[in-house]
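# Secondary and tertiary structure notes
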Amino acid sequence: MKTYWKNAVLLLLAGIGLNACAAKPSNSIRLPVGYIPNVQFAPLYMAIEKGFYREEGLEVEMDYNMETDSVALVGAGELQFAVVSGEQVLLGRAQGLPVVYVMAWYRDYPVGVAAKKEAGIRAPEDLRGKRIGIPGLYGASYIGLKALLNAGGLEEKDVHLDSIGYTQVESLADGLDEAVVIYVSNEPIKLRAEGYEVDVMVVSDHLSLVGNGLITNGNMLQEQPETVRAMLRATSKGIAYAASHPEEAFEICFKYVENLKNLTEEEQEVQRQVLKASIGMWQLQPVGYSDGQAWQNMQDLLLQMGLLEQALDLEVAFSNAYLPQE
Amino acid sequence: MNKETFTELNKRKWRGASLLMSLAIFLIIWEGLVRLLDLPAFILPAPSQVAERWLRALADGSLLYHSAATLLEVLSGLLSGVVLASLLGYALAKSRLLEKVLQPFLVASQAIPTVAIAPLLVIWFGAGISSKVLICALTVFFPVLVNTVVGLRAVPENLRDLMRSLRATRWQMLGMLELPAALPVLLGGLRIGATLSVIGAVVGELVGADRGLGFLINVGRGQYDTALVFVGVLTLVCLAVTLYSLVLWLEKRLLRWKMD
């Protein structure tokens, strides 16, 4: 009996030990993107497929875990980079996490509100008293909606919010909600493909906010600035190339996005349009450049919403210094 | 062939035929509803569309690949959960003190909804297979544990006395009395565990994964490919039913000596 338990414990320890031995070399990068494989990640697939990362001596692995607390892990030094939306940086820094936004992927904040044409919701003021479906009362959709309500001089109590998860298309189609908070490059395209005429109000038409970009931590900037520069060089090359070669980018997505090649012609066309619309929102001139005003707007909005308790030093929250020089 | 066997065979044939008939009626109603109400495919796909997507996923090997990934998680989780639960169950059955001490923790562990802690487990253990196996094992753990304790405790005391009077060692007691006596209840626990482990694996995959049927369902949702979501769900149902049937078969074989 004694030897039995001794063996069991030894086996268990061996198992733990073997796991710990799987340490990764420092140029091997696990990149959380916060969503499942999708055509919007075409620049990354491009950079991997065409060897942009390899040329810089980097090996990038995509992490599709939706629950990865990217900001916390990058802040704690567990991960070197992550793709997150701008507000996450300020919220993380407010918690003392030393994350720095080093490359702006999106120029336009990707959130908007869509409604059927017959509802006549064309300007933010028209949202008064309406039922609005929103994925949840958190994240980029919530912040984007708040920006739109502000633009219309409205408060949350002037509208009815429904937390509906990611069922916006169905909700609007079935009339369960009069308007839905969406990603400009995604849901409206599906709605139009299904024959619905929709009006889309885009946050970026009213307020410039910080969208998705690449973050790293203070440690990386201090100890491995060259790795940061290499990562940004390769990634921005991927973004630029995908933007100028959308067809090729879509073709490459067949390899990286599960089920894309099994979709019907119409469904694939929707995904093509999604990529095209995404490209239209990327920061391209120059690639990766962060706009100070957008950061100021973002901070003001977060303070107003009570998500930030006090103003932060924005100068250290983002940087353009590691972008490839033109 | 005597009269009884003939009726048995007829009964089974009739049961099979009626099952097929009800399935066919269900499919006809489903297809009819979709056409009548002119429902768009992304809200409710017709059975024909689901079948077509199913065939396509089968043809390019993706269905097999993702099913295998989920099956691996399910079997690993089931195995580890059952082993741990049986070991702990044996210890608890033997020691009332241990049971009293561990009871609150065990009950609490069961009270936590899997869906709620799955994200935490994925954060702590990564989006690889280990977090799914862990979620699976946790889902299976409690039912199997309870059944193990109950089964082992239910061994008739007079049989124990008999073994003791014959100077049986602990191993002989376990192998010749306790296990066979507790087997029906243990297998009942395994039946529950088999179906629960499928749920556990999928919950883990829905939260964070890059393969598996739960992942496939997420992909389908993200691309508005609702037919694929159906394919994923139906494949999961087949998986769970197959596992359950396997345990039933195991039960029949192992409990043949029981005169019912």
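Throughout this document, residue positions are counted from 1 along each chain, in the order its sequence is written. Each chain takes a letter, starting from A, and each ligand takes a number, starting from 1, following the order in which they are written. Local features in this predicted model are restricted to residues whose pLDDT is 70 or higher, and side-chain atom pairs enter the listing and the counts only when it is 80 or higher, whereas totals over whole chains, interfaces and linings include all residues.

### Considerations on the domain arrangement of chain B
All names here are of chain B. Looking at the assigned domains, one finds that chain B contains domain 1 (1-38) and domain 2 (43-254). By convention here, the domain bounds are inherited from an automatic or database domain assignment. Relative placement of domain 1 and domain 2: their C-alpha centres are 30 Å apart. The interface of domain 1 with domain 2 comprises 4 residues on the first partner and 4 residues on the second. In the side of domain 1 that touches domain 2, the residues fall into 3 nonpolar, no polar and 1 charged. Residue pairs qualify as contacts under a 7 Å threshold applied to their C-beta atoms, which are placed from the backbone. All residues other than Ala, Val, Leu, Ile, Met, Phe, Trp, Tyr, Cys, Pro, Asp, Glu, Lys and Arg, Gly among them, are scored as polar; the first ten of these are nonpolar and the last four charged.

### With respect to the interface of chain A and chain B
Taken together, the 21 residues of chain A in the interface contact 21 residues of chain B. Elements with a contribution of two residues or more to the side of chain A that touches chain B: α7 (168-173) and α12 (265-279) of chain A. Here a strand is any run of E in DSSP of at least two residues, a helix any run of H or I of at least four, and the numbering for each starts at the N terminus.

### As for the sheet that holds strand β6 (residues 131-134) of chain A
Residues and elements named next belong to chain A. Only strands joined by at least two bridges in the DSSP assignment are considered to pair. Strand order across the open sheet formed by 5 strands is β7-β6-β8-β5-β9, with mixed pairing between neighbours. If you trace the sheet from one side to the other, it starts and ends with β7 (160-163) and β9 (198-202), each paired once. Averaged over all neighbouring strand pairs, the angle between strand axes comes to 30°, with direction disregarded. Bridge count for strand β5 (residues 111-116) against strand β8 (residues 179-183) is 5 bridges, and the pairing is antiparallel. Bridge assignment links V113 to a residue of β8, and that residue is V181. Lines fitted to C-alpha atoms define the axes, with helix axes restricted to the stretch in contact, and inter-axis angles between N-to-C directions lie between 0 and 180 degrees. Strands β5, β6, β8 and β9 of the sheet are contacted by helix α6 (residues 139-151), whose axis makes an angle of about 70° with β5.

### Brief notes about the environment of V169(A)
For V169(A), the location among the structural elements is in helix α7. For V169(A) and L44(A), which are 125 residues apart along the polypeptide, the C-alpha to C-alpha distance reads 27 Å. Not counting residues up to four positions away in its chain, the partners in contact with V169(A) are E187(A), K190(A), L191(A) and Y224(B).

### Some words on the domain arrangement of chain A
Residues and elements named next belong to chain A. In terms of domain boundaries, chain A breaks down into domain 1 (27-107 + 210-316) and domain 2 (111-205). Taken together, the contacts link 12 residues of domain 1 with 10 residues of domain 2. Here the side of domain 1 that touches domain 2 takes 6 residues from α12, the largest share from any one element.

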